[in-house]
Amino acid sequence: MIKIKVPATSANVGVGFDCLGLAVSYYSTITFDNSSEHLVITGSPKEFQNENNLVYQAFVKGCQFLDKPVPNVKIGIETNVPVARGLGSSSICVVAGLKAASVWYDDAISVDQLLVLATEMEGHPDNVTPAILGGLCVSFLDDQNKPQIIQYHVSDKLHFVAMIPDYEVSTHAARKVLPTSMSYADAIHQVSHCAVMTKALELGDSHMIHVACDDRMHEPYRAKLIPDYSQAKNITEQLGGTMYISGSGSTMMAITADEKSADQLAANAKAAFPRWNVRKLAVDSFGVVSEVSERGKVLHR
Ligand SMILES: Nc1ncnc2c1ncn2[C@@H]1O[C@H](COP(=O)(O)OP(=O)(O)O)[C@@H](O)[C@H]1O
Ligand SMILES: N[C@@H](CCOP(=O)(O)O)C(=O)O
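All of these numbers come straight from a predicted model, not from anything done at the bench.

A. Structural detail: the site of ligand 2. Looking at ligand 2, there are 17 residues lining it, with A11, G86, G88, G247 and S248 nearest. Of all the elements in the fold, those that place two or more residues in the shell around ligand 2 are α4 (125-133) and α5 (171-176). Ranked by residue count, the leading element in the shell around ligand 2 is α5, at three residues. Across the shell around ligand 2, the residue classes break down as four nonpolar, ten polar and three charged. The two domains that each donate at least three residues to the shell around ligand 2 are domain 1 (2-152 + 284-300) and domain 2 (159-281).

The structure is reproduced here in structure tokens:
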């Protein structure tokens, strides 16, 4: 059996629209096993238990890339990461399927190839890159459509609290509300703030994180899709934290510089939104990991 563990990702990190992404300590585990039937999928909502399942599509893409037959397979999806909440559930599926195809055929897909294939499937590199590599990644597609990536360290001083609403925002819908162009002044604002944000996260400088995390590209438009945006932001800022919309929402991610504030923030958010999933998270620095086992015995990781 092949077991693939993939971290959730928080894309954009406020000011890095479509280029920044952070892997966080919230995981899905997906298993792949031999099967006598063509395809068996367990653990996923009924609507996804068919050939259109994104995990299976990515598995097929990986096999085809390697010019290998697509085997009969039993896929078990164990996921806590909710769908359409801005935590990269689709990237998890894509990365898991491709990685499993690679492991199935003796690790035949290199990390660089994995990054290219996953970006092709997802359409943008900001979630799949940290899901594969871990940590905070900045990525863009070069003129040959190849992802170019730099990883940043994130200071251990920082604490993250994900406030995950009990309602979805689909990435497709959240991209439709964005304007098609922006002014030169806004572009300057965005580039400068994004550059400062990466360094501020590396330093754990909560003041600079707060001033840098002022987005003009997507957050003002997407905030309207999240009815509780202002209240969540107030809860965060009352404790000196900084909040941004994770990916395309609906999750809002708070960053604080000390554990006590993170605990208090999580408690306040839970009290204000009892039906939400509020979780303290750390940065995941490994990205996707795999394990191969036979009759319960681990053969290799
Ligand atoms: N367990 C799953 N099985 C199959 N597909 C899934 C699963 N989880 C998520 N997906 C796919 O990912 C899509 C959600 O992606 P998206 O709207 O980008 O939200 P997110 O922010 O969670 O990535 C779903 O519509 C579905 O196609
Ligand atoms: N850059 C994308 C990121 C979408 O992330 P997701 O986790 O919501 O799928 C965007 O902002 O549209």
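Next comes the rest of the write-up.
B. Examining the site of ligand 1 more closely. Residues in close proximity to ligand 1 total 19 residues, the closest being F48, L54, S89, S90 and T171. Secondary-structure elements contributing two or more residues to the shell around ligand 1 are α1 (54-65), β4 (73-79) and α2 (89-104). Partitioned by chemical class, the residues of the shell around ligand 1 number eight nonpolar, ten polar and one charged. Taken domain by domain, the shell around ligand 1 gets at least three of its residues from each of domain 1 (2-152 + 284-300) and domain 2 (159-281).

C. Quick look at the domain arrangement of the protein. Domain annotation for the protein reports domain 1 (2-152 + 284-300) and domain 2 (159-281). One C-alpha centre belongs to domain 1, the other to domain 2; they are set 25 Å apart. Contacts between the two partners involve 23 residues from domain 1, matched on the other side by 29 residues from domain 2. Taken together, the elements giving at least two residues each to the side of domain 1 that touches domain 2 come down to β1 (2-11), β2 (20-34) and β5 (136-141). For the side of domain 1 that touches domain 2, the class distribution of residues is 14 nonpolar, eight polar and one charged.

D. Geometry of helix α6 (residues 184-203). Here α6 spans 29 Å end to end across 20 residues, near enough to the 28 Å set by a 1.5 Å rise per residue. Listed in full, the buried residues belonging to α6 are H193, C194, M197, T198, A200 and L201. Buried residues along α6 cover an arc of 165° about the axis, so they all sit on one side. Exposed and facing more than 90 degrees away from the buried side of α6 are Y184, A185, I188, V191 and S192. In this structure, the buried residues of α6 make contact with β2, β5, β6 (147-152) and α7 (206-212). Directly after α6, the chain includes G204, whose backbone phi takes a positive value near 70°.

E. The packing of helix α9 (residues 229-238) against helix α10 (residues 259-272), seen in detail. At a minimum axis distance of 9 Å, the contact between α9 and α10 shows a crossing angle of 150°. Classed by the angle they form, the pair α9 and α10 counts as roughly antiparallel. The hand of the α9/α10 crossing is right-handed. Contacts between α9 and α10 involve Q231, A232, I235 and T236 on the former and, on the latter, L265, N268, A269 and A272.

F. Layout of the nonpolar core. V95, A96, A118, V161 and M163 are the most contacted members of the largest nonpolar core, which has 83 residues in total. Top element by residues in this core is α2. It accounts for ten residues. The two domains that each donate at least three residues to this core are domain 1 (2-152 + 284-300) and domain 2 (159-281). Leaving out residues up to four positions away in the same chain, V95 has contacts with V6, A118, V128, A131, I132 and V288.

G. Focus on the packing of α1 against α2. Between α1 and α2, whose axes approach to 7 Å, the crossing angle comes to 35°. The interaxial crossing formed by α1 with α2 has right-handed handedness. Contact residues: L54, V55, Y56, Q57, A58, F59, K61, G62 and C63 in α1; S90, C93, V94, A96, G97, L98, A100, A101 and S102 in α2. Of the residues assigned to the contact of α1 with α2, the class counts are twelve nonpolar, five polar and one charged.

Calculation criteria
Residues numbered from 1 in each chain as written. Chains lettered and ligands numbered in written order. Predicted model: local features only at pLDDT ≥ 70, side-chain atom pairs only at ≥ 80, totals over all residues. Near = placed C-beta within 6 Å. Helix = DSSP H or I, 4+ residues; strand = E, 2+ residues; numbered from the N terminus. Nonpolar A, V, L, I, M, F, W, Y, C, P; charged D, E, K, R; others polar. Domains from an automatic or database assignment. Contact = placed C-beta atoms within 7 Å. Expected span 1.5 Å × (residues − 1). Buried ≥ 20, exposed ≤ 12 C-beta atoms within 10 Å, placed from the backbone. Arc of directions from axis to C-beta. Axes fitted to C-alpha atoms, helices over the stretch in contact; angles between N-to-C directions. Parallel < 35°, antiparallel > 145°, perpendicular 65-115°, else oblique. Left-handed = near helix turned anticlockwise from the far one by under 90°. Core = buried A, V, L, I, M, F, W, Y, C linked by C-beta atoms within 7 Å.

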